[in-house]
Amino acid sequence: MLKHDSVWAAIDALAARGGISASALAKKAGLDPTTFNKSKRLSQDGRPRWPSTESLSKVLEATGATLDDLFSLITGKLPDALETKAYRTGRAPLMGFAQAGVGGYFEDAGFPAGEGWEQVDFPAAGGGNSYALQVSGDSMLPLYRNGDTIIVAPSAPVRRGDRVVARTKAGEVMAKVLERQSQEKIELRSLNPEHPDRAISAAELDWMARIIWASQ
């Protein structure tokens, strides 16, 4: 059973994980800054007020968290379907965006080549088929900030609306949202509205991998 206090505590935890207040999280999610104030969590007659599903959806979008992340914060445990060793102990090799743009670091499938990479932990299954990239710059704001770590999965299916990391054959690496994909062209929408959207011909694309988790 979901508990009122636990749901609000999960929102506070997502804000704290990003190093911001609940008010700042509301603003980052495109909501009124007072939406998550403690005074808004109870009505005047003392009845509990619950965050709307729309608010929760916007919070997940703003933080890069998943429903599984939110569920684990609310309940204090992982969902039964995900209660596995692989989920609890997922590890992935870590590289920077600058390295990702240099030739020789990747296999044809888009996974880091060789051994000796620094390893990072993340609460998601499939660590053996995923790797981590450390965000640099502001092109991924407001979802991901400079220094955040994102986990990408080259073997995961990519669908319209997914957040992805794409690398061109010229060595340009970018994180965007997949708008459309055809045999001829890939259209990508920027996470940061101050950065342009991109359209890349299929012949230019080296690889594209879905972002499955972010540490903020």
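Residues numbered from 1 in each chain as written. Predicted model: local features only at pLDDT ≥ 70, side-chain atom pairs only at ≥ 80, totals over all residues. Heavy atoms only, no water.

**Let's talk about the overall build of the chain**
Here is step 1 of the chain: Summing up its helical and strand segments, the chain has six helices and nine strands in all.
Here is step 2 of the chain: Put simply, the chain has 216 residues, and 42% of those count as buried.
Here is step 3 of the chain: Once local pairs closer than 6 in sequence are excluded, the contacts in the chain between residues at least 24 apart make up 56%.
Here is step 4 of the chain: Carbon and sulfur atoms make up 51% of the accessible area of the chain, which amounts to about 11,500 Å² in all. (Helix = DSSP H or I, 4+ residues; strand = E, 2+ residues; numbered from the N terminus. Buried < 20%, exposed > 50% of the residue type's maximum accessible area, 1.4 Å probe, protein only. Contact = heavy atoms within 4.5 Å. Areas by Shrake-Rupley, 256 points an atom, 1.4 Å probe, with all protein chains shown as cover.)

**Some words on the side chain of Arg41**
Here is step 1 of the chain: Assignment of secondary structure puts Arg41 in the loop between α2 (22–28) and α3 (53–63).
Here is step 2 of the chain: Among the polar contacts listed, one links the side chain of Arg41 to the side chain of Asp12, at a separation of 2.8 Å.
Here is step 3 of the chain: Setting aside its immediate chain neighbours within four residues, Arg41 contacts His4, Trp8, Asp12, Ala22, Phe36, Arg47, Pro48 and Arg49. (Polar contact = N/O pair within 3.5 Å; in protein donor to acceptor, adjacent residues only side chain to side chain.)

**Points about the environment of Pro93**
Here is step 1 of the chain: Residue placement: Pro93 occurs in strand β1 (residues 91–96).
Here is step 2 of the chain: Spatially, the C-alpha atoms of Pro93 and Ala132 are 5.8 Å apart, while their sequence positions differ by 39 residues.

**Description of the pattern of salt bridges**
Here is step 1 of the chain: Under the counting rule described, the total for this entry stands at eleven salt bridges.
Here is step 2 of the chain: Glu61 is paired through a salt bridge with Arg163; the nearest N and O atoms lie 2.9 Å apart. You can see Glu61 sitting in helix α3 and its partner Arg163 sitting in strand β5 (residues 163–168), a full 102 residues away along the chain.
Here is step 3 of the chain: Judged by relative accessible area, Glu61 falls into the partly exposed class, the value being 44%.
Here is step 4 of the chain: Judged by relative accessible area, which is 15%, Arg163 ranks as buried.
Here is step 5 of the chain: Between Glu179 and Arg189 there is a salt bridge whose closest N-O contact spans 3.0 Å. Of this pair, Glu179 sits in strand β6 (residues 173–181) while Arg189 sits in strand β7 (residues 185–190); the two residues are ten residues apart in sequence, bridging distant segments of the chain.
Here is step 6 of the chain: On the accessibility criterion, Glu179 (22% relative accessible area) is partly exposed.
Here is step 7 of the chain: What you see here is one network of salt bridges that share partners, running through Asp12, Lys38 and Arg41. (Salt bridge = Lys/Arg side-chain N within 4 Å of Asp/Glu carboxyl O.)

**Describing α3**
Here is step 1 of the chain: Among the residues of α3, those classed as buried are Ser55, Leu56, Val59, Leu60, Ala62 and Thr63. For α3, the arc enclosing every buried residue in end-on projection is 165°, short of the 170-degree limit, so these residues lie on one face. Exposed side chains of α3 directed beyond 90 degrees from the buried face belong to Thr53 and Glu54.
Here is step 2 of the chain: In the stretch just after α3, Gly64 is the one whose phi turns positive, near 80°. (Arc of directions from axis to C-beta.)

**Section: the side chain of Thr168**
Here is step 1 of the chain: Looking at the element boundaries, Thr168 is found in strand β5.
Here is step 2 of the chain: Not counting the four nearest positions on each side in its chain, Thr168 is found in contact with Met174, Ile200, Glu204, Leu205 and Asp206.

**Remarks on the layout of surface pockets**
Here is step 1 of the chain: Looking at the largest pocket, its volume works out to about 280 Å³.
Here is step 2 of the chain: For the largest pocket, the lining is made up of 14 residues, of which Asp162, Arg163, Arg210, Ile211 and Ile212 are closest to its centre.
Here is step 3 of the chain: For the lining of the largest pocket, the element with the most residues is strand β9 (residues 205–215), which contributes four residues.
Here is step 4 of the chain: In the lining of the largest pocket, the residues fall into six nonpolar, three polar and five charged.
Here is step 5 of the chain: Here the second largest pocket defines a volume of roughly 190 Å³.
Here is step 6 of the chain: For the second largest pocket, the lining is made up of 13 residues, of which Ser139, Val173, Met174, Ala175 and Lys176 are closest to its centre.
Here is step 7 of the chain: If one sorts the elements of the lining of the second largest pocket by residue count, β6 sits on top with four residues. (1 Å grid on protein atoms, 1.4 Å probe; cavity = no way out; pocket = protein on both sides within 12 Å on 5 of 7 lines; lining within 4 Å. Points joined across faces, edges and corners; volume = space filled by probe spheres on them. Nonpolar A, V, L, I, M, F, W, Y, C, P; charged D, E, K, R; others polar.)

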